[in-house]
Amino acid sequence: MTGLDFPGWIRITHLVNLILITFLIRSGMEILATHPKLYWNDDSKPGSEWSRFTRKVMPRDRLWDALDEEEDYSSLVALPGHENLGLGRHWHFISVIAWILTGVFYVLMLFVTGQYHRFVPYSWEIFPEAWNDILTYMSFNLPPLMPGETYDAIQKLAYGSVVFILAPFQIATGAAQSPAIEARFPWYVRLWGGRQWARSLHFFGLLAFVVFIIIHLTMISIWGFGELTSLMIWGSVEHQAWSTVIVLFAIFCIVLMHIAATKLSLAYPRRTQQILGFVVNNARRLLLHRLTSHQEYSKAEITPQHRVNGKPPSDDSYKILAAHRFAGWRLEIGGLVENPMTFTLEDLKTFPTRQSQRVMHNCIQGWTSIAEWTGVPMRQIVELVRPHPEARYVYFHSMQDVGRDEPAKMYNPGYFYEVIDLELARHPQTILAYEMNGEPLPIEHGAPLRLRIETSVGFKMVKWIDRIEFIDEYRDIGYGMGGYREDNVYYDKEGEI
Ligand SMILES: Nc1nc2c(c(=O)[nH]1)N[C@H]1C(S)=C(S)[C@@H](COP(=O)(O)O)O[C@H]1N2
Ligand SMILES: [Mo]
């Protein structure tokens, strides 16, 4: 075999790619762990999953939610492992940003330097030839290289497919899971067969990557690890021992990076959230924050049994309110506004504008359901209360004390709250909903009032609201991260992905 003739930038991007792909795989496993079920339907109907990665069985005699279904995966497979969706997502998104940048650089360089020829099939003959190559490999022989090229036919096809098909496929199916993209371009999700199709396909993409990596490594080992790595690093076969040492050392360093990322995330979750979140949030603000929801699903698409997340307030005062159909409930709106207001449920129901929307709900954990929500547009509330110029955020406070009402998870005590910025509050499909599918809002879905923000994942949509405040700063609320989930389970603030 002659020199593989890899330019330096290919060697470097290959190494960077290896680091990032392994980070994407492990953080992806963390994301899967939080809802270890895959569906072909956007209702995510319990029991309808085509595949599950959990043995948990849900009780029949009491209310359970997706938080109960979450799995605790070991750090060996998941980054960082142990029910840390928030941190897993940060690693997934920071890695994907770096991976896409590396990929763009790589593909540009392929074309600039003419190296793309490596991957371009020049005749249909390559397919039967590739099949012959597979048979040759299976008999433990080496197939011939393509004339005048560095690869044999199956290598050329396999590498070309990974670069030009599999990688873009993973990016496209990943993007199809962003609630902001789904809300603004519902046709794009339909293109993939729906949100849960996109999620399942993304999983198949992961499998394809894992299979590719295993075969790739096996081939290199069978074909001569020293020889090939020497060709890769020096372009000649003369330094086999050294190259083996270097490659093993590089692998060792990558393993160390994984261990460091895992240990640091688990030991300093807040710092990890802040540092990775800084990059991820800025990228997201730039790309997705402006998108507004244009969703309007048909009546027929409504999910018969919308999934639930979060358990209702369990205290007597809430139960008494509920028993009287919330006649005694008041919504207080205040803070940095010229005109603080108090509403009864009746006031809201007879509000001049009544807005309905049939939309898909995206839980951050991965499930979806479709429902029609009716309520008062948040932008009209903003107009009525007239926020002061310094008001930048809206703070939604709920009657649910998470420590009290979600005991199985051992969450910190504190009322569930979320902060959104004023821009989001003015989005056309941001509403305070008091009805679901034409009925009064059910208790488990947030009665008497819940927030709907249709470009966001579900955790921002506070249920059981009793108070709304316009604020200029959220640092002094809770632990200062912009919401209960951000404070306690290190989710990223805002939810466009
Ligand atoms: N007060 C409160 N609101 C909440 C939650 C919660 O635990 N408490 N869970 C959030 C999450 S994670 C999701 S996915 C949605 C679920 O809404 P649903 O139960 O109506 O489907 O509510 C959000 N609002
Ligand atoms: Mo959620």
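Presented here is a report on the structure given in the accompanying data block. (Residues numbered from 1 in each chain as written. Chains lettered and ligands numbered in written order. Predicted model: local features only at pLDDT ≥ 70, side-chain atom pairs only at ≥ 80, totals over all residues. Heavy atoms only, no water.)

Brief notes about the environment of Gln 155
For clarity, the threshold we go by: Helix numbering and strand numbering both begin at the N terminus, where a helix is a DSSP run of H or I of at least 4 residues and a strand a DSSP run of E of at least 2. Burial classes follow relative accessibility: with a 1.4 Å probe on protein chains only, a residue under 20% of its type's maximum area counts as buried, one over 50% as exposed, and anything between as partly exposed. Contacts are assigned to residue pairs that have any heavy atoms within 4.5 Å of one another.
Relative to the assigned elements, Gln 155 resides in helix α5 (residues 153-175). Residue Gln 155 is classed as buried on the basis of its relative accessible area, which comes to 13%. Through-space distance from the C-alpha of Gln 155 to that of Leu 15 is 19 Å; in sequence the pair is 140 residues apart. Leave out the neighbours within four places in its chain, and Gln 155 touches Tyr 137, Leu 145, Thr 150, Gly 160 and Trp 223.

Re the site of ligand 1
Selection criterion: Nearness is defined per residue: one heavy atom within 4 Å of the molecule or strand is enough. Pairs of N or O atoms within 3.5 Å make up the polar contacts considered here, provided that, within protein, one atom can donate a hydrogen while the other can accept it, and that residues adjacent in sequence are counted only when both atoms are side-chain atoms. As a working rule, the residues Ala, Val, Leu, Ile, Met, Phe, Trp, Tyr, Cys and Pro are called nonpolar, Asp, Glu, Lys and Arg charged, and the rest polar, with Gly in that last group.
Taken together, 21 residues are adjacent to ligand 1, and Arg 307, Asn 309, Gln 400, His 445 and Lys 463 come closest. Gln 400 places a polar side-chain atom, nitrogen or oxygen, 2.5 Å from a nitrogen atom of ligand 1. Take His 445: an N or O atom from its side chain is 2.7 Å from an oxygen atom of ligand 1. When its residues are assigned to classes, the shell around ligand 1 shows eight nonpolar, eight polar and five charged.

Structural notes on the packing of α5 against helix α8 (residues 195-234)
Just so we agree on the cut-off: Orientation is described by lines fitted to C-alpha atoms, with helices fitted over the stretch in contact, and by angles between N-to-C directions that extend from 0 to 180 degrees. Oblique is the label for any angle not covered by the other classes, which are roughly parallel (under 35 degrees), roughly antiparallel (over 145) and roughly perpendicular (65 to 115). Helix crossings get a hand from a simple test, with the near helix turned counterclockwise from the far one by less than a right angle marking a left-handed crossing and a clockwise turn marking a right-handed one.
The contact between α5 and α8 brings their axes to 10 Å, and the two run at 155°. Judged by the inter-axis angle, α5 sits roughly antiparallel to α8. Between α5 and α8 lies a crossing whose hand is left-handed. Counting all contacts with α5, which are made through Gln 155, Ala 158, Tyr 159, Val 162, Leu 166, Ala 167, Phe 169, Gln 170, Thr 173 and Gly 174, the residues of α8 involved are Ala 198, Leu 201, His 202, Gly 205, Leu 206, Ala 208, Phe 209, Phe 212, His 216 and Trp 223. Grouping the amino acids of the contact of α5 with α8 by side-chain chemistry returns 13 nonpolar, seven polar and no charged.

Describing the pattern of salt bridges
Pairs may arise between side chains of opposite charge once their charged atoms sit close together. What counts, and what does not: We count a salt bridge whenever a side-chain nitrogen from Lys or Arg sits within 4 Å of a carboxyl oxygen from Asp or Glu.
Evaluated as defined, the whole model comprises 27 salt bridges. Salt-bridge contacts for Glu 149 lead to Lys 156; the nearest nitrogen and oxygen are separated by 2.7 Å. Here Glu 296 and Arg 358 are joined by a salt bridge, their closest N and O atoms 3.9 Å apart. Placement of the pair is Glu 296 in the loop between α10 (269-288) and α11 (316-323) and Arg 358 in strand β5 (residues 355-362), with a sequence separation of 62 residues. Because the salt bridges share partners, they merge into one network encompassing Asp 65, Asp 68, Lys 311 and Glu 406.

Details of the sheet that holds strand β8 (residues 415-421)
The line we're drawing: Note: two strands are recorded as paired if DSSP finds a minimum of 2 bridges between them.
The strand order across the open sheet built from five strands is β4-β3-β12-β7-β8, with neighbouring strands paired in mixed fashion. Looking at strand neighbours, the two that pair on one side only are β4 (341-343) and β8, the edges of this open sheet. Here the average twist between neighbouring strands, direction ignored, is 15°. Both strand β3 (residues 331-335) and β4 contribute to a ladder of three bridges, which runs antiparallel. Opposite Ile 333, over in β4, you have Met 341 as the bridge partner.

A closer look at the side chain of Asp 68
Examined against the element boundaries, Asp 68 turns out to sit in helix α2 (residues 66-69). By relative accessible area, which is 19% here, Asp 68 ends up buried. A polar contact of 3.1 Å, which involves the side chain of Asp 68, links it to the side chain of Lys 311. Ignoring anything within four residues of it in the chain, the contact list for Asp 68 reads Lys 56, Met 58, Lys 311 and Ala 408.

Describing the pairing of strand β9 (residues 431-436)
Here β9 lies mainly inside the structure; six of its six residues are buried. Pairing geometry for strand β6 (residues 368-377) and β9, over five bridges, is antiparallel. Note that in β9 the partner of Gly 375 across the bridge is Ala 433. Looking at chain direction, β9 and strand β10 (residues 439-440) are connected through two bridges and run antiparallel. Bridge pairing in β10 places Glu 435 opposite Pro 440. Connecting β9 to the antiparallel partner β10 that follows it, the hairpin turn spans two residues, and Asn 437 within it adopts a positive phi of roughly 50°.

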